[in-house]
Amino acid sequence: MSQESTVPGEVVETAEIPEPGAVTIVVPTFNESANVRQLLHQITEAVPARLPCEVVFVDDSTDDTPQVIEKAAQDCPFPVTVLHREEPVGGLGGAVVEGLKAATSDWIVVMDGDCQHPPSLVPDLVATGERANAGLVVASRYIKGGSRAGLAGSYRVAVSRGATWLTKALFPRRLRGISDPMSGFFAIRRSAVTAEVLQPLGYKILLELAVRSRPRTVTEVPFVFQDRFAGESKSTAQEGLRFLRHLAGLRAASPVARMVGFGLIGLTGFVPNLLGLWALTAAGMHYVPAEILANQLGVAWNFVLIEHLLFRERRRHRRWWDRAGRFALLANADLVLRIPLIALFVHQFHLGVLSATALALVTTFVLRFAATEALVYLPRRGAVKPVRESRTARRAE
């Protein structure tokens, strides 16, 4: 259960935010104790005089960040709330979703806790959204007047630009009009997003919002990415891998994309299958049992990729061993079904062997995809609550 602390005052076990303002500023934090006092000072200097506000910190820290926020908030002329999560499900993106659910204002501004996003821009984001009747206003580093100056080093610049290019290439329609989909600084109308449909993974929550529930009207304002006030960036190689997994999951959200991905993953499964067959026959095993065993390597390979790239958000419906067993059964049934189908096409429909084999491959592929989705990854009939996996598994997701 999230513990909410409204400061100044005592800690209370409630999800309500006192004194709703014209804008709710949501700040996800992870070990930012050296930055939050400065951030609150900047917000105090820039926002309340132009726009009534409240601030919601959603904190996943393992240091004293919540206590530092509580102490610093005593000098703030606006309500400050801390939602501390014992389990950081979904990473920074999951924290933002919690903040969206807790917000009470019509406008919600999401920004980082390291002072690289200037609070002085918050009123402009909201005002631009009102003038344009927009549902989403993105603070962009890549339009006239914006700058990525705060990115430390050529490596981070290259990674940022590469990630931007990749996401826009994968989602050209849904990201039309957004020059900086990697931005973590934006304003969104509370009515323009349904938090329950979001499935964040890692720190790129704007991409999640834009792809799954993008408002009809989107506009941008330029901003200069500032230097970090204190501490070090939380961007790591592990976060980069989570980002790639997130991209794959978003791209596979439609049934057609999932089917294409399913087929491509199936093709890659031939590599471990053939390597296993070569190793087993070279060791002296007869080719028939060797083929059966080698096929299991391909099945295991396909299962791991499909779990992480296509059906990540549906894994909670069944335990992993249940999913693995069902997947293996369907994959091996494909071999059993294919031979009778080939015989049927040859003898009853008078197709050539090659044509019959190709048609059988397509038929069993479509059937296996449909069966995998229906029997492995859809919720069980009558299930009320999702299956809870181990703490380690939930953290990894």
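Provided above is the structure to which this section pertains.
Residues numbered from 1 in each chain as written. Predicted model: local features only at pLDDT ≥ 70, side-chain atom pairs only at ≥ 80, totals over all residues. Heavy atoms only, no water.

Draft legend 1. Broad picture of the overall build of the protein chain. Helices and strands together make up the secondary structure of the protein chain, namely 13 helices and 9 strands. Looking at the 397 residues of the protein chain, the share that counts as buried comes to 48%. Of the contacts made within the protein chain by residues no fewer than 6 positions apart, 77% connect residues no fewer than 24 positions apart. Carbon and sulfur atoms make up 61% of the accessible area of the protein chain, which amounts to about 19,900 Å² in all. (Helix = DSSP H or I, 4+ residues; strand = E, 2+ residues; numbered from the N terminus. Buried < 20%, exposed > 50% of the residue type's maximum accessible area, 1.4 Å probe, protein only. Contact = heavy atoms within 4.5 Å. Areas by Shrake-Rupley, 256 points an atom, 1.4 Å probe, with all protein chains shown as cover.)

Draft legend 2. Quick peek at the packing of helix H11 (residues 320-347) against helix H12 (residues 353-377). Where H11 meets H12, the axes come as close as 8 Å, and the angle between the chain directions of the two elements is 155°. By the angle between their axes, H11 is roughly antiparallel relative to H12. Handedness of the crossing formed by H11 with H12: right-handed. Its residues assigned to classes, the contact of H11 with H12 shows 18 nonpolar, 4 polar and 5 charged. (Axes fitted to C-alpha atoms, helices over the stretch in contact; angles between N-to-C directions. Parallel < 35°, antiparallel > 145°, perpendicular 65-115°, else oblique. Left-handed = near helix turned anticlockwise from the far one by under 90°. Nonpolar A, V, L, I, M, F, W, Y, C, P; charged D, E, K, R; others polar.)

Draft legend 3. Here's a closer look at the environment of Thr65. By secondary structure assignment, the location of Thr65 is in helix H2 (residues 65-73). With sequence-adjacent residues up to four places away left out, Thr65 is seen in contact with Thr29, Asn31, Glu32, Ser33, Val36 and Asp59. Looking at Thr65, its side chain comes within polar contact range of the main-chain nitrogen of Ser33, at 3.1 Å. (Polar contact = N/O pair within 3.5 Å; in protein donor to acceptor, adjacent residues only side chain to side chain.)

Draft legend 4. Seen up close, the nonpolar core. Ranked by internal contacts, the top residues of the largest apolar core, which has 37 residues, are Val55, Phe57, Val80, Leu125 and Phe185. When residues of this core are traced back to their parent elements, those giving at least two are strand E3 (23-29), helix H1 (36-46), strand E4 (53-59), H2, strand E5 (80-84), strand E6 (107-110), helix H4 (122-132) and strand E7 (136-140). In this view, Leu125 contacts Val109, Val137, Val138, Ala139, Phe185, Phe186, Ala187 and Val221; residues no more than four positions away in its chain are not counted. Counting residues in each nonpolar core, the second largest holds 30 residues, with Ala95, Val97, Val138 and Leu175 among its members. (Core = buried A, V, L, I, M, F, W, Y, C linked by side-chain atoms within 4.5 Å.)

Draft legend 5. Layout of the state of the cysteines. This model, assessed by the stated rule, comprises 0 disulfides. Summary of cysteine pairing: Cys53 is not part of a disulfide, and the nearest cysteine sulfur, belonging to Cys76, is at 8.6 Å. We classify Cys53 as buried; its relative accessible area is 6%. (Disulfide = S-S within 2.5 Å.)

Draft legend 6. Layout of the pairing of E5. In terms of residue burial, E5 counts as a mostly covered element, since 5 of its 5 residues are buried. Of the two faces of E5, the one holding Val80, Val82 and His84 and the one holding Thr81 and Leu83 are both buried throughout. Where E4 and E5 come together, 5 bridges link them in parallel fashion. Bridge pairing in E5 places Asp59 opposite His84. Regarding topology, H2 serves as the crossover connection from E4 to the parallel E5, and that connection is right-handed. (Pairing = 2+ DSSP bridges. Right-handed = clockwise from strand over helix to strand, strands pointing away.)

Draft legend 7. Main features of unusual backbone geometry. With phi around 50°, Asn133 is a residue other than glycine that occupies positive phi space. Here Asn133 lies in the loop between H4 and E7.

Draft legend 8. Seen up close, helix H3 (residues 91-102). Look at H3: 17 Å from first C-alpha to last across 12 residues, which is about the 16 Å you get at 1.5 Å a residue. Along H3, 9 of the 12 residues are buried, which leaves the element largely enclosed by surrounding structure. Of the residues making up H3, those classed as buried are Gly91, Gly93, Gly94, Ala95, Val96, Val97, Gly99, Leu100 and Ala102. (Expected span 1.5 Å × (residues − 1).)

Draft legend 9. Summary view of the environment of Val110. Within the secondary structure layout, Val110 lies in strand E6. Taking the C-alpha atoms as reference points, Val110 and Val138, separated by 28 residues in sequence, lie 10.0 Å from one another. Beyond its immediate chain neighbours, meaning those up to four positions away, Val110 contacts Val26, Val96, Gly184, Phe185 and Phe186.

Draft legend 10. Layout of the pattern of salt bridges. Under the definition given, this model contains 7 salt bridges. One salt bridge in this structure joins Arg85 and Asp60, with 2.8 Å as the shortest N-O distance. Placement of the pair is Arg85 in the loop between E5 and H3 and Asp60 in the loop between E4 and H2, with a sequence separation of 25 residues. Given a relative accessible area of 7%, Arg85 falls into the buried group. (Salt bridge = Lys/Arg side-chain N within 4 Å of Asp/Glu carboxyl O.)

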